[in-house]
Amino acid sequence: MSVATVDPKHNVTGNRQAFYDKISKKDLAPLWEVLRSVVTKEPKSKCAPNVWKFDDVRGLMLEAGGVISAEDAERRVLVLENPALRGQSRITNTLFAGMQLIMPGEIAEAHKHVSSAIRFVIEGEGAYTAVEGEKAQMSRGDFILTPNWAPHDHGNPGKEPVMWLDVLDMPTVNHFETSFMEHFDEKAQNTSRGDGDSLDRYGSGVLPDGSLQEFVRRSPVINYTYARTKPIVERLMKAGDIDPRHGARVRYSNPVTGGHVMPTMGAYLAMFPKGFKGKDYQSTDSTIFVCVEGHGRTKVGDKTLEWGPNDVFVVPSWHKYAHEMKDQAVLFSISDRPAQEALGFWRERL
Ligand code: 1HN
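Nothing here was measured: the structure is a model prediction, and the numbers come from that model.

## With respect to the pattern of salt bridges
At step 1: Under the criterion given, the structure shown has 17 salt bridges.
At step 2: Ionic pairing is found between Arg58 and Glu123, a salt bridge with its closest N-O pair at 2.8 Å. Here Arg58 is found in helix H3 (residues 54-67), whereas its partner Glu123 is found in strand E5 (residues 117-123), with 65 residues between them in sequence.
At step 3: What makes Glu123 partly exposed here is its relative accessible area of 21%.
At step 4: Residue Lys187 pairs with Glu71 through a salt bridge whose shortest N-O separation is 3.2 Å. Note that Lys187 is positioned in the loop between strand E11 (181-183) and helix H6 (197-202) and Glu71 in helix H4 (residues 70-73), a separation of 116 residues in sequence.
At step 5: Judged by relative accessible area, Lys187 falls into the partly exposed class, the value being 43%.

In structure tokens:
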């Protein structure tokens, strides 16, 4: 900026800049220069829509099996990094997603942390996750919870490699700078309760006749099995109970409160008829989808994501999207909606 010809009293830009330089030395900055970009009229997600094809991920995952043992890795996980957020170990601004592999004979040692996790089983039989003393067998399509600070370890006494998608609220925990983690002396925790114990005990229309206070914030159920949930969405679809955007969809719920399964993450399972052409939908939660069955595509803004079994795709906050099904399909989805609702932030536009 040339100032020579400008009366310094009226050199607004120059004077302002000099002022900004002066206040900057005291760690101060003018809000009016950034107000429009920090308080946007609508959400402007930094995250990009993307699809991870299982054909690619599976081969690389098995290769990782030869590169590092589960023991050395602590967790052998390939992070699904949002292409617009590379290096930040996250798939959305608030959530982590990664594909985990456990080979036959391997264990992943017991630990606990503030981050809550869910696992959605993708491939293989014979592995288990032990959570707070319950040993949950993992089968394809199972939705398994590891709540905040719950001890957990995994093992694969079976014959096949087993893979699952881990989703954690770790970026949210780190946003608040509240991360703690602890390891245990024993590599695997004692499991006093067997497969399906918590689902039987809490998810059968009766509840233990004592205090349920600890389960107000998160579900007591460890494994919501696909064997039990799939027939329910099937029944909804056959009954014609099909949302024009979300299909025949159920929300995984905490049987104690009817609310979401965790305070930071909520999940759904939806079945769609062949040829389904969804209406546009928009919401402030960024959503991670996993295709369990079938093929289709999801238009997200001006991008089209094509997907098939075991593919994972992400729809960022406030991006308009619509699903189209090539054949009958099942989608699992998970997002940070419960956290947004608790804070009064969540919105949708139909
Ligand atoms: C973790 O503890 C697991 O327990 C998986 O299997 C993925 C990603 C980030 C931080 C902790 C697990 C994780 C994780």
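## Quick notes on empty space enclosed by the protein
At step 1: Applying the stated rule across the entire model yields 2 cavities of 30 Å³ or more.
At step 2: Taken together, 13 residues form the lining of the largest cavity, with Arg249, Tyr268, Asp285, Thr287 and Tyr321 sitting closest to its centre.
At step 3: Elements with a minimum of two residues in the lining of the largest cavity: strand E16 (287-293) and strand E21 (329-335).
At step 4: Looking at which element gives the most residues to the lining of the largest cavity, the answer is E21, with 3 residues.
At step 5: Grouping the amino acids of the lining of the largest cavity by side-chain chemistry returns 5 nonpolar, 5 polar and 3 charged.
At step 6: Space inside the second largest cavity adds up to approximately 80 Å³.
At step 7: If you list the elements that add at least two residues to the lining of the second largest cavity, you get strand E14 (266-272), strand E20 (321-325) and E21.
At step 8: A per-element tally of the lining of the second largest cavity places E14 first, with 4 residues.

What counts and how
In this convention, every chain numbers its residues from 1, walking through the sequence in written order. Given that the model is predicted, a residue must reach a pLDDT of at least 70 before its local features are reported, and side-chain atom pairs must reach 80 or more before they are shown or counted; all residues, however, enter totals for whole chains, interfaces and linings. To obtain the side-chain values, all non-hydrogen atoms of the structure were included, while hydrogens and water were left out. Throughout this description, the term salt bridge denotes a Lys or Arg side-chain nitrogen within 4 Å of a carboxyl oxygen of Asp or Glu. Only DSSP runs of H or I covering at least 4 residues are called helices, and only runs of E covering at least 2 are called strands; the numbering of each starts at the N terminus. The buried label goes to any residue with under 20% of its type's maximum accessible area, the exposed label to any with over 50%, and the partly exposed label to all in between, with areas taken from a 1.4 Å probe on protein chains only. Each cavity reported here is a set of points on a 1 Å grid over the protein atoms alone in which a 1.4 Å probe fits but cannot get out, each pocket an open set with protein on both sides within 12 Å along at least five of seven lines, and each lining residue one with an atom within 4 Å of a point. Grid points are joined across faces, edges and corners, and a volume is the space filled by probe spheres set on the points. Gly is placed with the polar residues, together with every amino acid not listed as nonpolar (Ala, Val, Leu, Ile, Met, Phe, Trp, Tyr, Cys and Pro) or charged (Asp, Glu, Lys and Arg).

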